[in-house]
Amino acid sequence: MFPIMSRCTMEIIERWSSKDLKRHEIDVFTELKTLSADIIARTAFGSSYAEAKQIFELQQEQMLLASKIQGRPFIPGVRFIPTAFNRRCWRIEKSIEELTLRVIEKRTQCRKLDQHEDAHDDDLLGLMIDAMEHRGMERRTMSMGMADIIGESKTFFAAGQETSSTCMSWTLMLLAAHPEWQERVREEVRTACDAFGFPTSDSLHRLKLLSMVLNESLRLYPPVPIMTRMSNKDVRVGKTLVPKGTVMMLPIVAFHHDQRYWGPDANEFRPDRFRDGSSKAAQSKSTVFLPFSSGPQFCIGQLFALQQAKIVISAILLRYRISISPQYRHSPIVALVLQPEFGIPLLFESI
Ligand code: HEM
């Protein structure tokens, strides 16, 4: 995982530096979407971004369409009516399944032909195909079908790409807006990087300031701003009785900005509040910091996302001084993830 993350980051930085300009503008939101797609495709599926590109584009459109109907009144059965909107949704779903199936079939074919180079057996896809073919595990308990593999692959693409890229983009925006923090983090990163300008897997845990900045970024701009849950029995929440089967929306972004928990500077960028770790950051309840959720549906990609963010941000800070472009318009919007509506154009100045 670590070498793939570093290699993909190096590729994108080499592309930026080929512009051969001392100072240039980069929309980090667009660029990091490509980068995180590349990383997740190669680590989880062993396939290149080029092969997975169409899947990502379709999933992005799918998320955009889903965000349009989020919060609308729910009318049972409406989703089965062949409106133009629904027909587009169905077509996207079908194309995603066909494309994912093609990636899976290519892998199974490689395995049959014993092309180990392309087989990447120890990645997520390899493990799922193992489960499908009952290799090395208890047949009855672990088997998966092709539909399960397609479903899991789609979840990984969807859950891992946009969330990671928005987290890294907002963090870079905050560092660009707070040059004193940018300088402090750059100093810390310098001591933790190898000769190629990347943190090593051993030195990642020493990046304390960067971890604090990432936590503060995840607090101010949680990529998953709202979570939904359905009560499986009648429950009492405070004074309210919530009947079984009620769908509830948990406004994570509101918890993260609530002055009752974070103090009067709740809306300000103050990474110091995470000095003693995330459990002690909030003034009252630690459970109000929920960028990765908690409980049984806790994000399984948390370590992956944080490791990736540390590698990418370290590599950028070592090579560039970043500042906010005059083109930047601050407009966070909820399109399932908390996105910058007009991207995040930053000025990159080579160091
Ligand atoms: C900063 C980046 C990320 C954030 C903020 C984030 C946040 C979350 C949250 C809040 C949930 C729970 C959603 C819910 O319970 O409703 C979740 C679930 C999940 N995440 Fe992440 N995530 C991130 C990155 C990743 C990455 C990189 C991967 C995969 C490599 C990943 C894979 C998953 C999966 C598989 C689930 C479970 C989805 C499900 O149960 O339907 N996440 N994530």
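Here the structure is a predicted model, which is why all the values come from computation and not from measurement.

*Asks:* What is the right way to read the environment of Arg72 from this model?
*Replies:* With respect to the helices and strands, the residue Arg72 is situated in the loop between α3 (49–69) and α4 (84–112). Residue Arg72 is classed as exposed on the basis of its relative accessible area, which comes to 53%. Between the C-alpha atoms of Arg72 and Ala177, which are 105 residues apart in sequence, the distance is 35 Å.

*Asks:* Any chance you could explain the site of the ligand here in plain terms?
*Replies:* In the vicinity of the ligand lie 21 residues, with Gly160, Thr163, Arg229, Pro291 and Cys299 positioned nearest. Sorting the residues of the shell around the ligand by element identifies α8 (146–177), β2 (226–230) and α13 (302–319) as the ones contributing at least two each. Among the elements that make up the shell around the ligand, the one with the highest residue count is α8 (seven residues). In terms of residue class, the shell around the ligand is built from 13 nonpolar, seven polar and one charged.

*Asks:* Which parts of the structure should I look at to understand the coordination of the iron atom of the ligand?
*Replies:* Tetrahedral coordination by four donors places them ideally at 109.5 degrees to one another around the metal; octahedral coordination by six donors ideally gives 90 or 180 degrees. Exactly one protein atom donates to the iron atom of the ligand; that atom is Cys299 (SG), 2.3 Å from the metal. Residue position: Cys299 is located in the loop between α12 (259–262) and α13.

*Asks:* Help me out: how do you make sense of the pairing of strand β1 (residues 23–27) in this one?
*Replies:* For a regular strand, side-chain orientation follows a simple rule: the groups alternate between the two sheet faces. Side chains His24 and Ile26 project from β1 onto a buried face, and the interleaved Arg23, Glu25 and Asp27 project onto a face without burial. The pairing of β1 with strand β9 (residues 345–350) spans five bridges and is antiparallel. Its bridge partner being in β9, Asp27 is matched across the sheet by Pro345.

*Asks:* Explanation requested: the layout of surface pockets in the structure shown.
*Replies:* Quantified by volume, the second largest pocket comes out at close to 270 Å³. Every residue lining the second largest pocket is counted, 17 residues in all, and those nearest its centre are Asn215, Ser278, Phe289, Phe292 and Gln302. Counting only elements with at least two residues in the lining of the second largest pocket, the list comes to α10 (208–220) and α13. Classifying every residue of the lining of the second largest pocket by side-chain character gives seven nonpolar, nine polar and one charged.

*Asks:* Could you clarify how one ought to interpret empty space enclosed by the protein in this entry?
*Replies:* Vacant regions in the atomic arrangement are exposed by a probe of water-molecule size rolled over the atoms. Under the defined criterion, the tally for this structure stands at two cavities of 30 Å³ or more. Computed from the structure, the second largest cavity encloses a volume of approximately 30 Å³. Put simply, the parts of the chain that give the lining of the second largest cavity at least two residues each are α3 and α8. At four residues, α8 tops the list of elements feeding residues into the lining of the second largest cavity. In terms of residue class, the lining of the second largest cavity is made up of three nonpolar, three polar and one charged.

*Asks:* What should I look at first to understand the packing of aromatic side chains in this one?
*Replies:* Each aromatic ring pair is summarised here by two numbers: the centre-to-centre distance and the angle between the ring planes. With the rule as written, the count across this model stands at eight aromatic pairs. Taking 5.3 Å as the distance between ring centres and 70 degrees as the angle between the ring planes, the aromatic pair formed by Trp16 and Phe348 counts as edge-to-face. Taken together, the residues span a long stretch of sequence, with Trp16 in helix α1 (residues 2–17) and Phe348 in strand β9 at a distance of 332 residues. The same class applies to Trp16 and to Phe348, which are both buried. Note on Trp262 and Phe289: the rings are 6.3 Å apart at their centroids and 75 degrees apart in plane angle, and the pair reads as edge-to-face. Remark: Phe289 occurs in the loop between α12 and α13 and Trp262 occurs in helix α12; sequence separation between them is 27 residues. Chaining the aromatic ring pairs together yields one cluster made of Trp16, Tyr320 and Phe348. Above the plane of the ring of Trp262 lies Arg219, whose end atom (NZ or CZ) is 5.1 Å from the centre.

Parameters at a glance
Residues numbered from 1 in each chain as written. Predicted model: local features only at pLDDT ≥ 70, side-chain atom pairs only at ≥ 80, totals over all residues. Heavy atoms only, no water. Helix = DSSP H or I, 4+ residues; strand = E, 2+ residues; numbered from the N terminus. Buried < 20%, exposed > 50% of the residue type's maximum accessible area, 1.4 Å probe, protein only. Near = heavy atom within 4 Å. Nonpolar A, V, L, I, M, F, W, Y, C, P; charged D, E, K, R; others polar. Donors = N, O, S within 2.8 Å, 3.2 Å for Na, K, Ca; no water. Pairing = 2+ DSSP bridges. 1 Å grid on protein atoms, 1.4 Å probe; cavity = no way out; pocket = protein on both sides within 12 Å on 5 of 7 lines; lining within 4 Å. Points joined across faces, edges and corners; volume = space filled by probe spheres on them. Phe/Tyr/Trp six-rings, centres within 6.5 Å; stacked < 30°, edge-to-face > 60°. Lys NZ or Arg CZ within 6 Å of the ring centre and 35° of its normal.

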